[in-house]
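These are the residues of each chain, in order.
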Amino acid sequence: MTQNPAAQPGPGGAPAGRTLYGGKSSRRITVRDLTDAKERGEKWPMLTAYDAMTASVFDQAGIPVLLVGDSAGNCALGYETTVPVTLDEMVVLSSAVVRGTRRPLIVADLPFGSFQEGPTQALRSALRLVKEAGVGAVKLEGGERSHRQIELLVESGIPVMAHIGLTPQSVNTMGYRVQGRGEEAAQQLLRDAKAVQDAGAFSVVLELVPAELAAEVTRALQVPTIGIGAGPDCDAQVLVAPDMLGLTDGRVPRFVKKYADVRGVMENAARAFAEDVVGGTFPAEEHSVH
Ligand code: KIV
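Conventions used here
Residues numbered from 1 in each chain as written. Predicted model: local features only at pLDDT ≥ 70, side-chain atom pairs only at ≥ 80, totals over all residues. Heavy atoms only, no water. Helix = DSSP H or I, 4+ residues; strand = E, 2+ residues; numbered from the N terminus. Rg over C-alpha atoms; globule rule 2.2 N^0.38 Å. Buried < 20%, exposed > 50% of the residue type's maximum accessible area, 1.4 Å probe, protein only. Contact = heavy atoms within 4.5 Å. Areas by Shrake-Rupley, 256 points an atom, 1.4 Å probe, with all protein chains shown as cover. Pairing = 2+ DSSP bridges. Right-handed = clockwise from strand over helix to strand, strands pointing away. Core = buried A, V, L, I, M, F, W, Y, C linked by side-chain atoms within 4.5 Å. Expected span 1.5 Å × (residues − 1). Patch = residues over 30% accessible without salt bridge, like charges linked within 9 Å, V, L, I, M, F, W, Y side chains within 5 Å. Salt bridge = Lys/Arg side-chain N within 4 Å of Asp/Glu carboxyl O. 1 Å grid on protein atoms, 1.4 Å probe; cavity = no way out; pocket = protein on both sides within 12 Å on 5 of 7 lines; lining within 4 Å. Points joined across faces, edges and corners; volume = space filled by probe spheres on them. Nonpolar A, V, L, I, M, F, W, Y, C, P; charged D, E, K, R; others polar. Axes fitted to C-alpha atoms, helices over the stretch in contact; angles between N-to-C directions. Left-handed = near helix turned anticlockwise from the far one by under 90°.

Looking at this structure, how should I read the overall build of the protein chain?
Helix and strand content of the protein chain: 11 helices and eight strands. In summary, the protein chain has a C-alpha radius of gyration of 20 Å against a globular reference of 19 Å for 290 residues, a match within 12%. Looking at the protein chain as a whole, 50% of its 290 residues qualify as buried. Considering only contacts within the protein chain whose residues lie at least 6 apart along the sequence, 56% involve residues at least 24 apart. Within the structure as shown, the protein chain displays about 14600 Å² of accessible surface, and the carbon and sulfur contribution to it stands at 54%.

This is the structure:
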């Protein structure tokens, strides 16, 4: 029998029904709920989503936070990197994810080029995601270099998830390399983490950072850290959904755990359909109208 996680006592002593993962669906999760979870020591999962149907599956599975990441560039839009993704594209994908869900907090990425000019541009871009798409928060890349943008957004009433360590929008200067290795780089990562927290970010994604350093950042911050390739001690974990579902074509990063072979399932279904059509066994009588 499937158990309702909301009926179970919560991790870290949270009352039943108040846990982030699988809790009640009476209202949307808020950034305040995430801060409370850190205080209780409750870990939580986040997944990316780019369309209404997939987002509704993740909502049904009890995932409390969905990220409309600009990984949509690779995963949904057919680009090689996240760099070409536009704000218009993010508005369309984010509004679909909001419409497909009831409970999760929806966080949308500010894509490359939509906030680098400064705080005013960042605010203009974030307002589109909040007003047109209906997201509850935005995410933007960069530590100390993005603190002015974060400050203005938060002052304006827009919750911000920060993203430090490997920041894929900077692939042309940074490459896809582990960040924070060596004393100087580790100190910079700690400064970045404190800068985004001081600027008002409600959480921080740590991407591709040594596990020990991610643990140190997690201890040093009051706001939750969300790890991706950052070891087990972060407050939350995120994966790019097509990677963990086994939908991605080709290699995925080493830190990804594959939970399914959705690509294989879809390919087999498509082949079975094609063979039925070619062989004349579909549609059968029960699929026909008279
Ligand atoms: O765009 C994205 O999916 C992300 C995650 C890797 C955190 O930023």
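There is more to say after this.
What is the right way to look at the pairing of strand S2 (residues 65-68) in this model?
Residues in a regular strand point their side chains to alternate faces of the sheet. Alternating positions in S2 separate into two faces, Val65 and Leu67 on one and Leu66 and Val68 on the other, with burial throughout. Direction of pairing for strand S1 (residues 44-48) relative to S2: parallel, over a ladder of three bridges. Along S2, the bridge assignment pairs leucine 47 with leucine 66. Assessed by its sense of winding, the connection that carries the chain from S1 through helix H2 (residues 52-60) to S2 is right-handed. By the bridge criterion, four bridges tie S2 to strand S3 (residues 105-109) in an arrangement that is parallel. The residue bridging leucine 67 from the neighbouring strand is valine 107, located in S3.

Could you clarify how one ought to interpret the nonpolar core in this entry?
Soluble globular proteins: nonpolar side chains tend toward being buried together. Membership of the largest hydrophobic core comes to 74 residues, with the highest contact counts inside it found for Trp44, Met46, Leu66, Leu129, Val138, Leu153 and Leu206. Those residues within four positions of leucine 153 in sequence are excluded, and the remaining contacts are Leu110, Ala122, Leu123, Ala126, Val138, Leu140, Ile158 and Val160.

Sorry, what's going on with helix H4 (residues 87-99) here?
In an α-helix, one turn spans 3.6 residues, which is why side chains three or four residues apart end up on the same side. When the terminal C-alpha atoms of H4 are compared, their 18 Å separation across 13 residues agrees well with the 18 Å that a helix rising 1.5 Å per residue should span. Along H4, the residues that are buried comprise Leu87, Met90, Val91, Leu93, Ser94, Ser95, Ala96, Val97 and Val98. In the core, the buried residues of H4 are packed alongside H2, S2, helix H3 (72-75), S3 and helix H5 (119-133).

Help me out: how do you make sense of a nonpolar patch on the surface in this one?
Side chains of Phe273, Val277 and Phe282 sit close together on the surface and give an oily, nonpolar patch of about 270 Å² of accessible area. Looking at the secondary structure, you find phenylalanine 273 in helix H11 (residues 262-279).

Explain the environment of valine 138 to me, please; I cannot follow it from the model alone.
With respect to the helices and strands, the residue valine 138 is situated in strand S4 (residues 137-141). With relative accessibility at 0%, the residue valine 138 sits in the buried group. For valine 138, the residues in contact, after removing those within four places along its chain, are Val107, Ala108, Leu110, Ala126, Leu129, Leu153, Ile158, Pro159, Val160 and Met161.

Explanation requested: the layout of surface pockets in the structure shown.
Once rolled over the atoms, a probe with the size of a water molecule shows which space is left empty. Roughly 970 Å³ of internal volume is contained in the largest pocket. Around the largest pocket, the lining comprises 41 residues; the ones closest to its centre are Glu207, Ile228, Asp243, Pro253 and Phe255. Elements with a contribution of two residues or more to the lining of the largest pocket: S1, H3, S4, strand S6 (203-207) and strand S8 (236-239). Here the residues of the lining of the largest pocket sort into 21 nonpolar, nine polar and 11 charged. Residue lining of the second largest pocket: 16 residues in total, with Asp51, Thr54, Pro242, Leu245 and Leu247 positioned closest to the centre. For the lining of the second largest pocket, the secondary structure elements donating two or more residues are H2, helix H10 (241-245) and H11. For the lining of the second largest pocket, the per-class residue count stands at 12 nonpolar, three polar and one charged.

Honestly, the pattern of salt bridges in this entry has me stumped. Any pointers?
Pairing is possible between side chains that carry opposite charge, provided their charged atoms lie close to one another. For the structure on display, the rule yields nine salt bridges. In this structure, the salt-bridge partner of aspartate 88 is arginine 128, at a minimum N-O distance of 2.7 Å. Here aspartate 88, found in helix H4, pairs with arginine 128, found in helix H5; they are 40 residues apart in sequence, far enough to count as distant. The partly exposed category is assigned to aspartate 88, whose relative accessible area is 49%.

Is there a simple way to think about the environment of phenylalanine 58 in this case?
The topology assignment puts phenylalanine 58 in helix H2. Distance from phenylalanine 58 to glutamate 275, taken between C-alpha atoms, is 31 Å for residues 217 residues apart in sequence. Other than its neighbours up to four places away in sequence, phenylalanine 58 contacts Leu47, Thr48, Ala49, Ile63, Leu66, Ala241 and Leu245.

I keep staring at the packing of H4 against H5 and nothing clicks. Help me out?
Helix-helix packing is described using two parameters, namely the angle between the two axes and the distance between the axes. Direction vectors running N to C along H4 and H5 enclose 35°, while the axes themselves pass 9 Å from each other. Helix-helix and strand crossings are classified by hand; for H4 and H5 the assignment is right-handed. Contacts between H4 and H5 involve Leu87, Asp88, Met90, Val91, Ser94, Ser95 and Val98 from the first element and Ser125, Arg128, Leu129, Glu132 and Ala133 from the second.

Any chance you could explain the sheet that holds S8 here in plain terms?
Strand order in the closed barrel made by the eight strands is S1-S2-S3-S4-S5-S6-S7-S8, with parallel pairing throughout. Direction aside, the axes of adjacent strands within the sheet are offset by 25° on average. Strand direction decides the pairing type here: strand S7 (residues 225-228) and S8, joined by two bridges, are parallel. Bridge pairing in S8 places isoleucine 226 opposite alanine 236.

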